[in-house]
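Okay, here's what each chain looks like letter by letter:
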Amino acid sequence: MIYTTLKDIREASPCAEGWNKLIKHLGVSPSSAKTNELQLSVLTVLDSNGLDGAFWVVDNVIDEDYLTRCISADMAEMVLHLFEKGYPNDARPRNAINIAR
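Chemist: Is there a simple way to explain the overall build of the protein chain in this structure?
Modeler: Each helix and strand in the protein chain was counted, giving 6 helices and 2 strands. For the protein chain, the N- to C-terminal ordering of α and β elements is β-α-α-α-β-α-α-α. For 101 residues, the compact-globule estimate of 2.2 N^0.38 gives 13 Å, and the C-alpha radius of gyration of the protein chain, at 17 Å, exceeds that figure by more than 25%. Over its C-alpha atoms, taken along the principal directions, the protein chain stretches across nearly 50 × 25 × 20 Å. Counting over 101 residues, the protein chain shows a buried share of 31%.

Listed below in structure tokens is the structure:
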């Protein structure tokens, strides 16, 4: 899962329409949203502002290294069951995925 914060989104200078739509969806006041550092999933932005809004956040807010780690962790998790089937007591790959995230 890819996360950001309202503070980080605000610092990237979103359009007023998109910003207002997002904070209204979240029920957050404009003054508190500017400094809000609680984790916010990009999927929440997708639900609120649609695909264009979510892509804008990924392109303008999300750090490329963080994005690469999240995508890599998601892909590794998709095949983790294959490793765990053969080595059910070895938690190293699962731990590595969690650390990458």
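Chemist: Hey, could you run me through the nonpolar core in this one?
Modeler: One broad trend across soluble globular proteins is that nonpolar side chains are buried collectively. In this structure, Ile2, Leu6, Ile9, Val57 and Ile62 are the most contacted members of the largest nonpolar core, which totals 18 residues. Going through the elements one at a time, α1 (6–11), α2 (16–26), α4 (42–60) and α5 (64–86) are the ones with two or more residues in this core. Residues contacting Ile62, with those up to four places away along its chain left out, are Ile2, Tyr3, Thr4, Val42, Val57 and Leu67.

Chemist: Quick question: what am I supposed to make of the side chain of Asn49 here?
Modeler: Here Asn49 is to be found in helix α4. Setting aside residues up to four positions removed in sequence, Asn49 forms contacts with Gly18, Lys21 and Leu22.

Chemist: Even after reading the chapter, I still don't get the environment of Val58, so can you show me in this structure?
Modeler: With respect to the helices and strands, the residue Val58 is situated in helix α4. Val58 gets classed as partly exposed once you look at its relative accessible area, which sits at 22%. Measuring from C-alpha to C-alpha, the distance between Val58 and Tyr3 comes to 9.5 Å, with 55 residues separating the pair along the chain. With residues up to four places along the chain from it excluded, the contact list for Val58 reads Val42 and Leu67.

Chemist: What's the story with α5 in this structure? I'm lost.
Modeler: In an α-helix, one turn spans 3.6 residues, which is why side chains three or four residues apart end up on the same side. Here α5 is 23 residues long and its end C-alpha atoms lie 33 Å apart, about the 33 Å a rise of 1.5 Å per residue gives. Its axis deflected by about 45 degrees at Val79, α5 carries its strongest bend there. Looking only at α5, the buried set comprises Tyr66, Leu67, Cys70, Ala73 and Leu80. Against β1 (3–4), α4 and α6 (92–100) lie the buried residues of α5. For α5, the capping residue at the N-terminal end is Asp63, with a side-chain oxygen 3.2 Å from the backbone nitrogen of Asp65.

About the criteria used
Residues numbered from 1 in each chain as written. Predicted model: local features only at pLDDT ≥ 70, side-chain atom pairs only at ≥ 80, totals over all residues. Heavy atoms only, no water. Helix = DSSP H or I, 4+ residues; strand = E, 2+ residues; numbered from the N terminus. Rg over C-alpha atoms; globule rule 2.2 N^0.38 Å. Buried < 20%, exposed > 50% of the residue type's maximum accessible area, 1.4 Å probe, protein only. Core = buried A, V, L, I, M, F, W, Y, C linked by side-chain atoms within 4.5 Å. Contact = heavy atoms within 4.5 Å. Expected span 1.5 Å × (residues − 1). Bend = angle between axes of the 7 residues up to and from the residue. Polar contact = N/O pair within 3.5 Å; in protein donor to acceptor, adjacent residues only side chain to side chain.

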